[in-house]
Structure formats: structure tokens, C-alpha cells
Amino acid sequence: MSSSPAPTDAASPRRLAFVSGGFYVAGGLAALLVAGDRMDLAAPGGRLVTAVGVLAVVVGALLFAVGRALPRPLWHVVVGSGTALVALVVWACPDTTSAVALSAVFTFIAIDAFFFFPPRQAVVQLLALVVASVTSLLSHDDVGVGIAVAEVVVFTCIAVVVGGLVQTASAATRDPLTGLVNRRGFDSAYEDLLVAAERTGAPLSVALVDVDDFKAVNDGLGHAAGDELLARIATVCRTTLPAPVVVARYGGDEFVVLLPATSGPEALARLELLRTRVDGVTLSCGVAQLGAGESGAELLRRADTAMYAAKRGGRDRCALADAGSPALARDLAEALRTGAVHVALQPIVRVDDEQVVGVEALARWTDPVRGAVSPAEFIPVAEAAGLIEELGAVVLRQACHDALALSDAWGLPLTLTVNASGRQLVAPGFAGQVLSVLDAAGWPTASLVLEVTESLIDASSAAALEALRELRGAGVAVAIDDFGTGYSSLSRLDTVPADIVKLDSLFIASIATSARRASVLRTVLDLCSSLGLVVIAEGVEDRDQAHLLQQLGCPLAQGYLYDRPQPLATLLRRGPRAAVTPAHDGPHRLAGDRIVAALFPGARTPAVAATARPALAAGETAAPLP
Ligand code: C2E
Ligand code: MG
Ligand code: MG
């Protein structure tokens, strides 16, 4: 079940407790029945068998109640004690019939051994059983060697059959490629660990591990190389995260790790170690610790969100979900108070000619001790610590201020996009606060796009939808952020009142290397176009991606290819990058212009005519609207 050799996959702690508890109770009752039927309860033999029978029933009841918490090695004691107790009653029986009848209870031991332990340890238990049964039976004068051997043959046959069945059942829960637990095995292990964590109160953490750019390995080097890579990662998992940690292969290139008795920060440190030990590829990990009253599905969802945050934060990193860190929340609150949270602006360009048409505001925080903290880390903390509204207001105020300065200095009409988390959307009075910040800053409502980044649940709650409608009514546009991965779903396209869809960088990453991905992109662009939604491709990093986006008619993009998120001062110093000569001057270009014109009719016009205004392609502003 775990990444290191486990007893058997079928032997979960719960099953161990139920099976052995049941066998102890049944064995004890058998002893009491035989004693009542055939023995003088006043004689020493009858008294001993009765006492052992009662003891076995009590031990069985205890195993039912608390057996799940027993550490694995103690099960050897449970089974070994069973052997000793059965041998004792067989030996103590005053007559042969009772002894032979009670020796049938040895069968339970044979089953337990091959159910609970890996084959080598089970054989040791079986040998102990053979010695105990033969010795105790032969202590009765009229039991011959033939009877004892017959019993041994029966126990051995039962043991072999049980062992075979258990191995077959275990194979169904193992992934043949990596030898790790598969999804089915994971489900059963997860269920057991959740029950144990609830009962003992010990922490339980879960981590999701995804191989960065695995598709590129598969596409570039072939599936055999991909398989070999996965098997190699599994080996590193086994050595770095030994039992009781459970490592499962969850999907194609995704692994899930269960860390019992481990807090979130401890789990994060162990996953960091794993990440650094894997060669050749990078990993993104999301870690979450089970919260009070939290379900297994919720815990997995948080780990998944943290993993996507790690991906968004630049991959090759681990992120811890939610407010695991009160210290971080305290320092963030202080940073908000002292104005240490800043905004970086990332240009959004028209794909055809790379003309800057807008900027996305991204929160930045450099802590004096921790250094630069990624928004992937501090936004969830802000949400959980109730700081997100304040952070949102700080970011929006500064973003408006910076975008005004940039638009005026560059002499470019710009649209400003700002992220809002689901928790901000559902906060009472959110729409009114946004509008009053815009009003105070002098940034036109029609030049603002609100990016909704939260999960479907939050984003489609009645209060969130109402806030979005109110803002749209005032002229603000709404973008669905990170579409195409994680929790985005097609139903968001018609449940969230939106104008723009931002395609997630993880989706864009492989468009130029995978023909299938490119056709999905084409279809998404068609779908968005028929729904009247404008598309912005995020995370564009190379020319091939940009070229394909242009060919497919994607109007807008942002990414390191064009510009990284920069502080205002850097952008002002550098001036707008000159628009490139379009590689294509055909129908796509015209379509792009129309969409941009339709999308940004309210793009804020600069107050000062700029000298740095880049040359626009002829006919660009005159493109007729449909
Ligand atoms: P997002 O809104 O999807 O922002 C895009 C992220 O992708 C940014 O990460 C940006 O730096 C990064 N990025 C841009 N171009 C590229 C590229 O070419 N390649 C790659 N690999 N990455 C690129 P960042 O700044 O770390 O922000 C992460 C996320 O944090 C954002 O994702 C957004 O969801 C959240 N966030 C950032 N600022 C705020 C904020 O003020 N409020 C809220 N609620 N969330 C924010
Ligand atoms: Mg965004
Ligand atoms: Mg995004």
C-alpha cells in the first residue's frame, strides 16, 4: 500500500482490526463451547480452557475497538499470541476429541499470517504454527503422527490459497509501470488514514505532485522515455518518502502523497527534498494539511489548488495550501499597513503587431526576512486570514494610479486588468468599493477588466454573480482567468457573466508542440467567438506559440515573450516596446483589430500626447467595425 514494501495491499489497518478481532472472538467462543460441552469446569484443564476462551473474546473486542491504531510490527505479536493461546488450549484439553476440535482454530492463524504479512514473514508465522500445532496435538497420547501431519497439510493449503488470493487482490491496487499504489489503492488507503486522523487527532497532510512539461518528454522523446521517467520518479519517491508515507500514481504524470502524522509545513519540507532529488525534469507540488471537520475531497481540492498555484508561480516549486502560516498572515497584514505590498504591471499585447493595449496588475510583496513572496503563496493566506479585501483595495488603488501614469507617459490608450478572488466577490459591498476606488483615482470604469480567478463554487455563488452583474452594469468588463486547466469548466462560460476568457499558461505551453492541443485551441477560439467572448492567451513564452496564436486568430496575449510583470518605474524608463511589423497582414489581423476595437472601446485615452507613441500600422485605427 505504501511506497515501501507493505504487508499486503488488502491489509488496511481497518481490515487487520476487523479480521483479527473477529478471529479472536470466534476462537474464544469455540473454546468456551467446547469447554461447556465436554469438560469439567471445576478441573484445572476446564478452568484453563475457559479462562483462555474469555481472554480471547476480550482481546478480540479490544482489537475491534482500537486495533486500527496498532503499529504494523505489533500485528506479529497479535498473531504470535494467537498461536500460543490455541496451542495452550489444545494442550490443556482433557480429551482427544476436544483437542482435535479446538486445533481447527489454528486455521485462523494460517489465514491471518498470509493476509497480514508479506510472504517471507508469513512463512515464519506458518512455521511457528506448525511447530505449535504438532507439539500440542502430539502431547495427547492417542493422537498419532498421521493426524498431526494431516492438520499441517490442511493449514498449509489454506495458507497458500489465501496468500495467492491476497497477491491477486494487491495487484489490482498497484500501478504496473511504477509499482506504486494506483488510484484504487489510494482511495482505500486514504479512507483509512482519514479515519485514523479523525480518531487520533494526529495531523495528516496530502501532496499532489505533477511533472512539469511531461508532455514535452512524451512528444519529444517518445512514450518509452516518458514511462522510464515516471518509473525513475517512483524510485526516488520510494527512497525519499518511505512508509508509512503512501505514494500513489494518481493519473498520467500526477502522483499523490499521503503523509500521516505530518503537519503541512513538515510535509512541504519533505516534498521539497523529493523535488530536489529528481533529476532531468522539474516537479510542481501542492501540499495541504487536513483541517478540522474537513472532508477528504476538500483536502484534495486544496492540495490541487496549491499545485496549480505552484505551476502559476513559475513551476519547479512546492506550495502550501491556505493559511497554514499565521506568521505569514501577521507579516502580510503589517506589509499592507505599511504600504509594502506593491503592484507589477504586465503588458497585454495585440497578437498581430504586439502593440500594447492593456496591462494586468499583479500583487508583489517583498518581506524583509523571507524575500520576495509569491502571490501563489500569499493570496491564499490573505483569503484565509480575512486580508483579501484590504489587499484587493490596495492593489486596485495602486494599479489605477500606475496605469494612469503609464497611459499618459506612453501616450497609449490602455485597459487595466485586476485580479479578484472569489472571497472578494462575495464580500458585501464589493462592487460599490471598486467603483468608488475607480472614481477617486479617475480611472474610467469602461477601462477596467476584473479577472475572476476563483473556483467555480465561489465564482458562481449568487452574491458573486450579483457583484459581477453590478460592475458590468457600470461598464467594467469581466474576464474568466486561468481558463483551460484546474477547476475551469465549460459551464463557467455561461454561468459567469463574462466578456473575456484568459487561457491559462499551462494550456498555452504546449500549443506549438502538440497538434492535438492546437486543434483544441482552435475549437476554444471558435467557441469563444460564437459566445462573443474575447480571448487573451496567457504565458506566451516563445515565437512559435505567438505565431500559432496569430495564425489561429487569437487577438490578445501576454507573457514573458512580450514582457515580464514590471514595476511602473521600469516601464516608464523603458518606454513602450515598438510594435513589430505584423508577420501576417490578412484577415486575421483585421479580425483582431475589430475585436480589440470592440473590446476596448473605453480604453482610457491618454491625457498627454506622448512623443514615444509607437508607429501604428496603416489603416489600424480605421479598421471598420462590424
Ligand atoms: P494570474 O492572474 O493568472 O497571473 C498570471 C501569472 O503568470 C503571474 O504570476 C505572472 O507573473 C505569470 N506569468 C506571466 N507571464 C508568464 C509567462 O510567460 N510564463 C510563465 N510561466 N508565467 C507567466 P504571479 O504574479 O506569480 O501571480 C500568480 C497568481 O496570483 C495570479 O495568476 C493571480 O491568480 C494571483 N494574483 C496575483 N496578484 C493578485 C491580486 O492582486 N489579487 C488576487 N486576488 N490575486 C492575485
Ligand atoms: Mg490574472
Ligand atoms: Mg491567469
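If you're wondering where the values come from, they're calculated on a predicted model, not measured in any experiment.

1. Brief notes about the coordination of the magnesium ion (ligand 2)
At step 1: Taken together, the protein donors to the magnesium ion (ligand 2) comprise Glu360 (OE), Asn419 (OD1), Glu451 (OE) and Asp481 (OD), at separations of 2.0 to 2.2 Å.
At step 2: The sequence pattern describing where the donors of the magnesium ion (ligand 2) fall on their chain is E-x58-N-x31-E-x29-D.
At step 3: A separation of 4.0 Å is found between the magnesium ion (ligand 2) and the magnesium ion (ligand 3), which share aspartate 481 as a coordinating residue. Of the two residues, glutamate 360 is situated in strand 7 (residues 356-367) and aspartate 481 in strand 11 (residues 477-483); the sequence distance between them amounts to 121 residues.
At step 4: The exposure class assigned to aspartate 481 is buried, which follows from its relative accessible area of 3%.

2. Digging into the sheet that holds strand 4 (residues 283-289)
At step 1: Strand order in the open sheet made by the five strands is 2-3-1-4-5, with mixed pairing throughout. Each end of this open sheet is capped by a strand with a single partner; those strands are strand 2 (246-249) and strand 5 (317-320). For this sheet, the mean inter-axis angle between neighbouring strands, taken without regard to orientation, is 15°.
At step 2: Alignment of strand 4 against strand 5, held across four bridges, turns out to be parallel.

3. Structural notes on the packing of helix 1 (residues 13-38) against helix 4 (residues 96-103)
At step 1: Axis separation between helix 1 and helix 4 bottoms out at 10 Å; the angle between their running directions is 165°. Judged by the inter-axis angle, helix 1 sits roughly antiparallel to helix 4. Taken as a pair, helix 1 and helix 4 cross one another with a handedness that is right-handed. Across the interface between the two elements, Ala30, Ala31, Val34 and Arg38 from helix 1 touch Thr97, Ser98 and Leu102 from helix 4.
At step 2: Within the contact of helix 1 with helix 4, the residues separate by chemical class into four nonpolar, two polar and one charged.

4. A few points about the site of ligand 1
At step 1: Around ligand 1, a shell composed of 24 residues is seen, among which Arg364, Asn419, Asp481, Glu541 and Tyr560 lie nearest.
At step 2: The side chain of glutamate 538 places a nitrogen or oxygen atom 3.1 Å from an oxygen atom of ligand 1.
At step 3: Along the lines of polarity and charge, the residues of the shell around ligand 1 split into nine nonpolar, seven polar and eight charged.

5. Some points on the pattern of salt bridges
At step 1: Across all of its chains, the model carries 18 salt bridges by this definition.
At step 2: In this structure, glutamate 228 and arginine 232 form a salt bridge, with 3.9 Å as the shortest nitrogen-oxygen distance. Here glutamate 228 pairs with arginine 232, and both are found in helix 10 (residues 223-240), just four residues apart, close to one helical turn.
At step 3: Between arginine 350 and aspartate 353 there is a salt bridge, with the nearest N and O atoms lying 3.1 Å from each other.
At step 4: Residues joined in a network through salt bridges with shared partners are Glu360, Glu451, Lys502 and Glu538.

6. Topic: the packing of helix 9 (residues 214-221) against helix 10
At step 1: Running from amino to carboxyl end, helix 9 crosses helix 10 at an angle of 140°, the nearest separation of the two axes being 6 Å. One way to sum up the angle between helix 9 and helix 10 is to call them oblique. Seen from helix 9, the contacting residues are Phe214, Val217, Asn218 and Leu221; seen from helix 10, they are His223, Ala225, Gly226, Leu229 and Leu230.
At step 2: Looking at the contact of helix 9 with helix 10, its residues break down into six nonpolar, three polar and no charged.

7. Describing the state of the cysteines
A covalent bond bridging the sulfur atoms of two cysteines is what the word disulfide describes.
At step 1: One pass over the structure, following the stated rule, counts zero disulfides.
At step 2: The thiol of cysteine 285 is unpaired, and the distance to the nearest cysteine sulfur, on cysteine 318, comes to 3.3 Å.
At step 3: Cysteine 528 takes part in no disulfide bond, and the closest cysteine sulfur to it belongs to cysteine 554, at a distance of 9.2 Å.
At step 4: Of the residues examined, cysteine 528 reaches a relative accessible area of 1% and is grouped as buried.

8. Thoughts on the coordination of the magnesium ion (ligand 3)
At step 1: Coordination sphere of the magnesium ion (ligand 3), protein contribution only: Asp481 (OD), Asp482 (OD), Glu538 (OE) and Glu538 (OE), at 1.9 to 2.4 Å.
At step 2: Between the donor residues of the magnesium ion (ligand 3), the gaps in sequence give the motif D-D-x55-E.

Rules used in this analysis
Residue numbering note: each chain is counted from 1, following its sequence as written. Starting at A for chains and at 1 for ligands, labels are handed out in the order in which the entities are written. The model is predicted, so local features are restricted to residues of pLDDT at least 70 and side-chain atom pairs to those at 80 or more, both for listing and for counting; the totals for chains, interfaces and linings are taken over all residues. No hydrogens and no water enter the side-chain calculation; it runs on all heavy atoms of the structure. In this analysis a donor is any N, O or S atom within 2.8 Å of a metal ion (3.2 Å for sodium, potassium and calcium), and since water is not included, sites may seem incomplete. For helices the rule is a DSSP run of H or I covering at least 4 residues; for strands it is a run of E covering at least 2, with both sets numbered from the N terminus onward. We call a residue buried when its accessible area falls under 20% of the maximum for its residue type, exposed when it is over 50%, and partly exposed in between, using a 1.4 Å probe and counting protein chains only. Strands are treated as partners if at least two bridges between them are detected by DSSP. All axes here are fitted lines through C-alpha atoms, helices being fitted over the stretch that makes contact, and every angle between N-to-C directions spans 0 to 180 degrees. Angles are sorted into four bins: roughly parallel if under 35 degrees, roughly antiparallel if over 145, roughly perpendicular if 65 to 115, and oblique for all others. Take the far helix as the reference: if the near one is turned anticlockwise from it by less than a right angle, the crossing is left-handed, and if turned clockwise, right-handed. Whether two residues are in contact is decided by their heavy atoms: any pair within 4.5 Å suffices. Following the grouping adopted for this structure description, the nonpolar residues are Ala, Val, Leu, Ile, Met, Phe, Trp, Tyr, Cys and Pro, the charged ones are Asp, Glu, Lys and Arg, and the polar ones are all others, Gly among them. Throughout, the term near means that a residue has one or more heavy atoms lying within 4 Å of the molecule or strand in question. Polar contact is the term for a pair of N or O atoms within 3.5 Å; when the atoms are in protein, one must be able to donate a hydrogen and the other to accept it, and sequence-neighboring residues count only if both atoms are side-chain atoms. Whenever Lys or Arg places a side-chain nitrogen within 4 Å of a carboxyl oxygen from Asp or Glu, that contact is recorded as a salt bridge. Cysteine sulfurs are considered disulfide-paired once they come within 2.5 Å of each other.

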